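Here is what each chain is made of, one letter per residue.
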Amino acid sequence: MKQLFSLSSCVSRIFAVIIFCTSCTLAQQPKQWVTYAGGEGPGKGKHIVLISGDEEYRSEEALPMLGKILARRYGFKCTVLFAVDPKTGHINVETLDNIPGLENLQTADLMVIFTRFRELPDEQMKYIDDYIRKGKPVIGLRTATHAFYYKKNPANQYAKYSFNSKIKGWEDGFGRKILGETWINHHGKHGKEGTRGLINGIVKDEKNPVLNGVADIWGPTDVYTVRELPGDTRVLVYGQSTNGLSPDSNVNLNKSVMPVSWIRTYQGENGQTGRVFASTVGASIDFKSEDLRRLFVNATFWCLGMESKIPEKADVDVIGEYNPTMFGYDLFKKGVLPSAYELK
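What you see is a predicted model, and the numbers here were worked out from it, not measured in a lab.

J.: Hey, could you run me through the packing of aromatic side chains in this one?
T.: Where two aromatic rings form a pair, the distance of their centres and the angle of their planes describe that pair. Inspection of the entire model under this criterion finds 14 aromatic pairs. The interplanar angle of 45 degrees and the centroid separation of 4.9 Å between the aromatic rings of Tyr 161 and Trp 170 together place this pair among those described as tilted. For the pair Tyr 161 and Trp 170, one class covers both residues: buried. Ring plane angle 25 degrees and centroid distance 6.2 Å describe the contact between Tyr 161 and Phe 174, whose orientation is recorded as stacked. Taken together, the residues Tyr 161 in the loop between strand 5 (138–141) and helix 4 (173–179) and Phe 174 in helix 4 connect sequence positions 13 residues apart. The aromatic ring of Tyr 57 is capped on one face by Arg 142, whose charged end is 4.4 Å from the ring centroid. In this structure, Arg 275 is placed above the aromatic ring of Trp 302, and the distance from its NZ or CZ to the ring centre is 4.7 Å.

J.: Would you mind showing me how to read helix 3 (residues 122–133) here?
T.: Its twelve residues give helix 3 an end-to-end C-alpha distance of 15 Å, which sits within 8% of 16 Å, the value for a rise of 1.5 Å per residue. Within helix 3, burial applies to Gln 124, Met 125, Tyr 127, Ile 128, Asp 129, Tyr 131 and Ile 132. Packed against the buried residues of helix 3 are strand 4 (110–115), strand 5, helix 4 and strand 9 (258–267). Downstream of helix 3 by a residue or two, Gly 135 has a phi angle that is positive, lying close to 70 degrees.

J.: Explain the side chain of Thr 79 here, please?
T.: The topology assignment puts Thr 79 in strand 3 (residues 77–81). Those residues in contact with Thr 79 that sit more than four places away from it in its chain are Trp 33, Val 34, Thr 35, His 47, Ile 48, Val 49, Leu 50 and Asn 104.

J.: Explanation requested: the layout of surface pockets in the structure shown.
T.: Regions of empty space are outlined by a rolling probe, equal in size to a water molecule, passed over the atoms. Taken as a whole, the largest pocket encloses approximately 380 Å³ of empty space. Around the largest pocket, the lining comprises 18 residues; the ones closest to its centre are Lys 68, Glu 321, Tyr 322, Ala 340 and Tyr 341. Among the residues forming the lining of the largest pocket, the class breakdown is ten nonpolar, two polar and six charged. Taken as a whole, the second largest pocket encloses approximately 270 Å³ of empty space. Residue lining of the second largest pocket: 13 residues in total, with Leu 96, Asp 97, Glu 119, Tyr 149 and Lys 152 positioned closest to the centre. Of the residues belonging to the lining of the second largest pocket, the class tally is six nonpolar, two polar and five charged.

What counts, and where the lines are drawn
Residues numbered from 1 in each chain as written. Predicted model: local features only at pLDDT ≥ 70, side-chain atom pairs only at ≥ 80, totals over all residues. Heavy atoms only, no water. Phe/Tyr/Trp six-rings, centres within 6.5 Å; stacked < 30°, edge-to-face > 60°. Buried < 20%, exposed > 50% of the residue type's maximum accessible area, 1.4 Å probe, protein only. Helix = DSSP H or I, 4+ residues; strand = E, 2+ residues; numbered from the N terminus. Lys NZ or Arg CZ within 6 Å of the ring centre and 35° of its normal. Expected span 1.5 Å × (residues − 1). Contact = heavy atoms within 4.5 Å. 1 Å grid on protein atoms, 1.4 Å probe; cavity = no way out; pocket = protein on both sides within 12 Å on 5 of 7 lines; lining within 4 Å. Points joined across faces, edges and corners; volume = space filled by probe spheres on them. Nonpolar A, V, L, I, M, F, W, Y, C, P; charged D, E, K, R; others polar.

Given below as structure tokens:
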């Protein structure tokens with residue numbers, strides 16, 4: 001009997017050690033996303049999930065900056081997700097098939113997406129698909145027009161999201177179906193021409209609240225080619241190519257203007273109508289423009305049906321330091337954990 005008791009006690013101790021070691025291992029694992037707690041303000045009780053993951057335009061820098069403003073200045077709870085190398089836990093924008101934390105979309109009131117050519121596993125992509133099926137609001141930045149590309153698995157159930165989809169009802173994928181346009185081409189000279197924002201005077205005169213306090217937009221990223229947008233789309237800002245990458249560069253009068261920011265709606269499978277704001281400007285370096293930050297804050301309120309609460313001139317001063325990296329391939333900061341973007 002004593003031997004049995006001793007054996008039982010030994011087994012219990014072994015299990016206790018295993019559980020302790022497992023807990024320690026989990027505790028040592030780096031956080032794979034960041035959350036900025038909401039507080040007092042018009043956004044209190046609303047949850048925004050911001051999804052980064054592109055190789056060129058530093059979405060991993062832009063979205064934490066935007067999330068901090070929305071959380072600290074307006075009370076929204078903001079969760080920012082990143083492309084993460086599963087082997088190291090570091091942010092790695094070239095990891096095309098891993099964005100941890102997409103389950104946060106289950107409680108999201110708004111999805112902000114800034115990804116490029118992602119091919120996510122089904123267990124992650126299902127959360128985006130569920131969100132879209134419900135017809136919930138979406139904000140898409142720059143490469144979100146070509147947010148997904150099912151190159152390896154073109155027969156996948158989520159391949160309809162691919163920017164070049166030929167699936168009936170989802171032609172040109174998520175970009176065209178939800179945002180209004182997919183990837184077509186560079187209208188401006190990439191890396192040589194910037195974008196001067198031209199506010200749509202008609203919409204401005206109509207006192208559209210998304211344009212409250214928005215007058216001067218310039219960014220060094222070039223204008224994208226945009227075809228005719230779907231019927232219910234309202235263009236807020238057009239883009240004129242500039243001859244150079246500085247704010248005082250002259251505009252290129254030999255090129256036509258293109259829509260760069262617009263609003264529209266889409267319908268989910270449940271019949272619910274979701275509001276959409278899309279912008280082909282929005283690289284981290286573009287967000288040095290105060291009025292561009294203001295446009296996105298205003299659009300957040302509008303997408304959530306809170307346009308009556310859009311300030312006449314929203315406070316969009318950045319929280320802490322913001323020194324965005326210039327766009328370009330292989331220029332992202334290496335060895336950075338998501339926790340580096342936590343609010344101090």
